[in-house]
Amino acid sequence: MDIIGTMCEPKDETQSLVVLASASPRRKSLLKLLGLPFEVRPADVDEVNHDGEGPAAMAVRLSATKAGAVSAAVPGSVVIAADTLVYLDGKVLGKPADEGEAIEMLQRLRGRPHVVFSGVTLIDGRTGWQRTELAATTVQMRSYSEDEIAAYVLSGDPMDKAGAYAIQYRDFRPVEHVEGCYANVMGLPLCHLYNLLRAAGFDLHQTPVAACNLFNGRSCQVANTILSEL
């Protein structure tokens, strides 16, 4: 397992058994903002859409499936899993299979709004407690050029990302604005996860709002609303 350093110590040793069921460097960076020690153990599950399944249901199902797979492999741990989907024109855009598909996705998204869904699941293997939160963010893409698409795809960055883009990629900056959680578009909606951790009994020192704002260089407009849902 990949062991991640901490920004603060938990109040007791029972809070040290946290496992992130993802190899995503973006999720690792975001989870570190909560100040919890955690280990990384990627989940290997089949990420396919079931017949008649909407994007929200798919994100919830896949996050729960990932969490369940890792929880079974690491008994007694607290497992966090997430699944993020890009939804446009009634279809889910997954990770591009090749550069050609990445270019096609970026062309389809250009200058238009779409929705990013993330399911976030927490399973406490010590008690059997399990819950999934769903985050949805509307993303308006800017009208980037064909040359910008070509340069971005050549960088290789789109190839492991749903919808073939990273909102935080500074050399491309594909997004004009968002309505909802910015961290959700990166793959891990922190306020939703904070709610899950608090509901599971974790005594966290502070909300992730200040750290998330600093990390992303922006002021979140929806954090207080999400946190009030606990």
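Higher on the page you've got the structure.
Residues numbered from 1 in each chain as written. Predicted model: local features only at pLDDT ≥ 70, side-chain atom pairs only at ≥ 80, totals over all residues. Heavy atoms only, no water.

### Side note on the packing of helix α3 (residues 99-109) against helix α4 (residues 146-155)
Piece 1. Between α3 and α4, whose axes approach to 10 Å, the crossing angle comes to 140 degrees. Taken together, the axis directions place α3 and α4 in an arrangement best described as oblique. Here α3 and α4 pass one another in a crossing that is right-handed. Judged by residue contacts, Glu 99, Ala 102, Ile 103, Leu 106 and Gln 107 of α3 engage Glu 146, Ile 149, Tyr 152 and Val 153 from α4.
Piece 2. For the contact of α3 with α4, the residue count by class is six nonpolar, one polar and two charged. (Axes fitted to C-alpha atoms, helices over the stretch in contact; angles between N-to-C directions. Helix = DSSP H or I, 4+ residues; strand = E, 2+ residues; numbered from the N terminus. Parallel < 35°, antiparallel > 145°, perpendicular 65-115°, else oblique. Left-handed = near helix turned anticlockwise from the far one by under 90°. Contact = heavy atoms within 4.5 Å. Nonpolar A, V, L, I, M, F, W, Y, C, P; charged D, E, K, R; others polar.)

### Some thoughts on the pairing of strand β6 (residues 113-124)
Piece 1. Within β6, 10 of the 12 residues are buried, leaving the element largely enclosed by the surrounding structure.
Piece 2. Bridge analysis of strand β4 (residues 78-88) against β6 gives 10 bridges, and the strand direction is antiparallel. Each residue of the ladder has a partner; that of Val 78, found in β6, is Asp 124.
Piece 3. In sequence, β6 turns back onto strand β7 (residues 129-141) through a hairpin of four residues, with Gly 128 there showing a positive phi of about 85 degrees. (Buried < 20%, exposed > 50% of the residue type's maximum accessible area, 1.4 Å probe, protein only. Pairing = 2+ DSSP bridges.)

### Re the nonpolar core
Piece 1. Core analysis: the largest hydrophobic core is formed by 56 residues, its most contacted members being Leu 106, Tyr 165 and Leu 197.
Piece 2. Here the element with the most residues in this core is helix α6 (residues 190-199); it accounts for six residues.
Piece 3. In terms of nonpolar packing, the next biggest core, distinct from the first, is built from eight residues, Val 19, Val 74, Val 79 and Ile 123 among them. (Core = buried A, V, L, I, M, F, W, Y, C linked by side-chain atoms within 4.5 Å.)

Worth remembering: the numbers are spatial, not functional.
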